[in-house]
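Chain and residue survey
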Amino acid sequence: MDNLHRHDEDDDLYTLPGHDPLGVLSSTQVVVEQGELVWINPDQIEQLCERWLHDAPTTASPQWFEQYHFTDGTQRTVNWLLLLDALNFCFWAEKGQPRWTIEYQGERLNGYWAEAAALKRAVEEGHPLWDAEYLRQMSAETLAQIFRGEQKIPLFDERLAHTHEVGRILQEQFSGQFSNAIEQSQHSAVTLALLLAQHFPSFHDVATYHGKQVRFLKRAQICVADLSAAFHGEGWGRFTDLGMMTIFADYKLPQVLRHYGVLTYHTSLAQRVDTQELIPAGSEEEIEIRACTIWACELLRRAMERRGSQLTAADIDLKLWLIGQNAKEMRPYHRTRTVYY
Ligand SMILES: Nc1nc2c(c(CN[C@H]3C=C[C@H](O)[C@@H]3O)cn2[C@@H]2O[C@H](COP(=O)(O)O)[C@@H](O)[C@H]2O)c(=O)[nH]1
């Protein structure tokens, strides 16, 4: 059966929650319904649910990995996490090139783990990465030293600019403490994610599709989820509405969902992704991949809920992302050079 026809049948699938202040589900719905390059296979979602229900018990809530993350239970950790997620994007190398890697505690790390461990190593080596003034005026040499390793971390200049932006805006608007933003948000995950996207330009992960604004807010949402995980849902990690968040539209989740047959790419797009051709940021292809990832996971969440499992989008996200850490036998993830994920 051709998938466009299947699309029409499924339209009532993409029902919106009554109240969606975050605006990610509501703004991506039109992409899922109008897009013709990526589609969602509901029957594969049901199959994945069955597999998960019969697998080992799922982690009740996102775990934290303290071996790679600085955590001291204070406001310093809150600011460190903001920096971590301001730099949490795009770790893949040019086609045929080796990835950037670092050595930490005798381990060779790459990707996100290398970014987190490099920032933890920096604190251990005396860099006060929680200090807004230190971030605002950090030199390129200092950041290069922090990210030292084999090869160079991609988009270095953008990471330096984000570091300066975090320091400057913390000073100008939050008296140097991101914990003030958490209090201003009254511990609402949605309010804090929207505050991040509004006050910190590097977190403003919003695109335009057929003339309409489409919100993804990936690093804004993951920053809130990381605060929750790092503080075990208490204190600076206590949020009243984490269930209102979506998954975080990165480049690994679509790869995993496509591997499970949950997402299908039109042959023209599949060929470009599988040959690691660059997919332009803001293109229809990129927006459709991200929007279908978000909605496939929302349908997955609803299907798990129908089976009595209370997994949040953040739980589903981490489960899929960790699966994607062993993706050797999977087809490549899409390559979009971007600072948003
Ligand atoms: N959707 C989603 N995307 C996530 C994460 C993480 C790590 N976070 C968790 C890890 C421990 C804590 O529990 C944190 O919560 C990184 N990324 C994204 O993946 C990409 C990096 O991948 P690779 O090249 O393989 O390192 C890049 O776009 C990065 O932004 C997540 O959890 N969900």
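Residues numbered from 1 in each chain as written. Predicted model: local features only at pLDDT ≥ 70, side-chain atom pairs only at ≥ 80, totals over all residues. Heavy atoms only, no water.

- Identification of the chain as Queuosine 5'-phosphate N-glycosylase/hydrolase from Tengunoibacter tsumagoiensis is taken from an unreviewed UniProt entry.
- The annotation that UniProt attaches to the chain under Catalytic activity (unreviewed entry) is "queuosine 5'-phosphate + H2O = queuine + D-ribose 5-phosphate".
- Annotation of the chain in UniProt includes, under Sequence similarities (unreviewed entry), the sentence "Belongs to the QNG1 protein family." (UniProt positions renumbered as here; feature names shortened; annotations may be inferred.)

**A short note on the pattern of salt bridges**
- Taken as a whole and judged by the stated rule, the model has 16 salt bridges.
- Close ionic contact of E50 with R307 constitutes a salt bridge, the shortest N to O distance being 2.7 Å. With E50 in helix 3 (residues 42-54) and R307 in the loop between helix 14 (284-306) and helix 15 (313-323), the pair connects residues that are 257 residues apart, well separated along the chain.
- For E50, a relative accessible area of 34% gives the class partly exposed.
- The partner of R302 in a salt bridge is E298, with the nearest N and O atoms 2.7 Å apart. Of this pair, R302 and E298 both sit in helix 14, four residues apart, which is roughly one turn of that helix. (Salt bridge = Lys/Arg side-chain N within 4 Å of Asp/Glu carboxyl O. Helix = DSSP H or I, 4+ residues; strand = E, 2+ residues; numbered from the N terminus. Buried < 20%, exposed > 50% of the residue type's maximum accessible area, 1.4 Å probe, protein only.)

**Things to note about the site of the ligand**
- Close to the ligand lie 23 residues; Y112, K218, D226, K252 and D317 are nearest.
- Interatomic distance of 2.8 Å between a backbone N/O atom of F248 and a nitrogen atom of the ligand.
- Take Q325: an N or O atom from its side chain is 2.9 Å from an oxygen atom of the ligand.
- Assessed atom by atom at 2 Å from the grid points, the ligand resides in the largest pocket.
- Among the secondary structure elements, those contributing two or more residues to the shell around the ligand are helix 5 (111-124), helix 11 (218-230), helix 12 (252-259) and helix 15.
- Here the residues of the shell around the ligand sort into twelve nonpolar, five polar and six charged. (Near = heavy atom within 4 Å. Polar contact = N/O pair within 3.5 Å; in protein donor to acceptor, adjacent residues only side chain to side chain. 1 Å grid on protein atoms, 1.4 Å probe; cavity = no way out; pocket = protein on both sides within 12 Å on 5 of 7 lines; lining within 4 Å. Sits in = over half its atoms within 2 Å of the grid points. Nonpolar A, V, L, I, M, F, W, Y, C, P; charged D, E, K, R; others polar.)

**A look at the pairing of strand 4 (residues 206-209)**
- Residues A207 and Y209 point to one face of strand 4 and are all buried, whereas V206 and T208, pointing to the other face, are not buried.
- Inspection of the sheet shows strand 4 paired to strand 5 (residues 212-215) by four bridges, in the antiparallel sense. Across the sheet, V206 pairs through a bridge with R215, a residue of strand 5. (Pairing = 2+ DSSP bridges.)

**Things to note about helix 2 (residues 24-34)**
- Along helix 2, eight of the eleven residues are buried, which leaves the element largely enclosed by surrounding structure.
- Along helix 2, the positions that sit buried rather than exposed are V24, L25, S27, T28, Q29, V30, V31 and V32.

**A closer look at the nonpolar core**
- If you look at the biggest cluster of nonpolar residues, it comprises 126 residues, and the most contacted ones within it are I40, L129 and F178.
- Examining the composition of this core, we find that twelve residues originate from one element, helix 14, more than from any other.
- Residues within four places of F178 in sequence aside, it is in contact with V78, N79, L82, L170, L192, L196, F200, C223 and L227. (Core = buried A, V, L, I, M, F, W, Y, C linked by side-chain atoms within 4.5 Å. Contact = heavy atoms within 4.5 Å.)

**Focus on helix 11**
- Over its 13 residues, helix 11 extends 18 Å from the first C-alpha to the last, a length consistent with the 18 Å expected when each residue adds 1.5 Å.
- Counting buried positions over the 13 residues of helix 11 gives 13, a clear majority of the element.
- Just downstream of helix 11 lies H232, where phi reads positive at about 50 degrees. (Expected span 1.5 Å × (residues − 1).)

**A look at the packing of aromatic side chains**
- Scanning all chains against the criterion turns up 13 aromatic pairs.
- Measuring from ring centre to ring centre gives 5.2 Å for Y68 and W113, while their planes differ by 50 degrees; the resulting arrangement is tilted. Of this pair, Y68 sits in the loop between helix 3 and helix 4 (75-86) while W113 sits in helix 5, and the two are 45 residues apart along the sequence. The two residues Y68 and W113 agree in class, both being buried.
- A ring pair is formed by Y112 and W113, whose centres lie 5.5 Å apart and whose planes are at 65 degrees; its orientation type is edge-to-face.
- The buried category is assigned to Y112, whose relative accessible area is 12%.
- An aromatic cluster is built from F65, Y68, Y112, W113 and W321, whose rings are joined through pairwise contacts.
- The ring of F203 carries R219 above its face, with NZ or CZ at 4.7 Å from the centroid.
- Positioned above the aromatic ring of F216, the side-chain terminus of R290 is 4.3 Å from the ring centre. (Phe/Tyr/Trp six-rings, centres within 6.5 Å; stacked < 30°, edge-to-face > 60°. Lys NZ or Arg CZ within 6 Å of the ring centre and 35° of its normal.)

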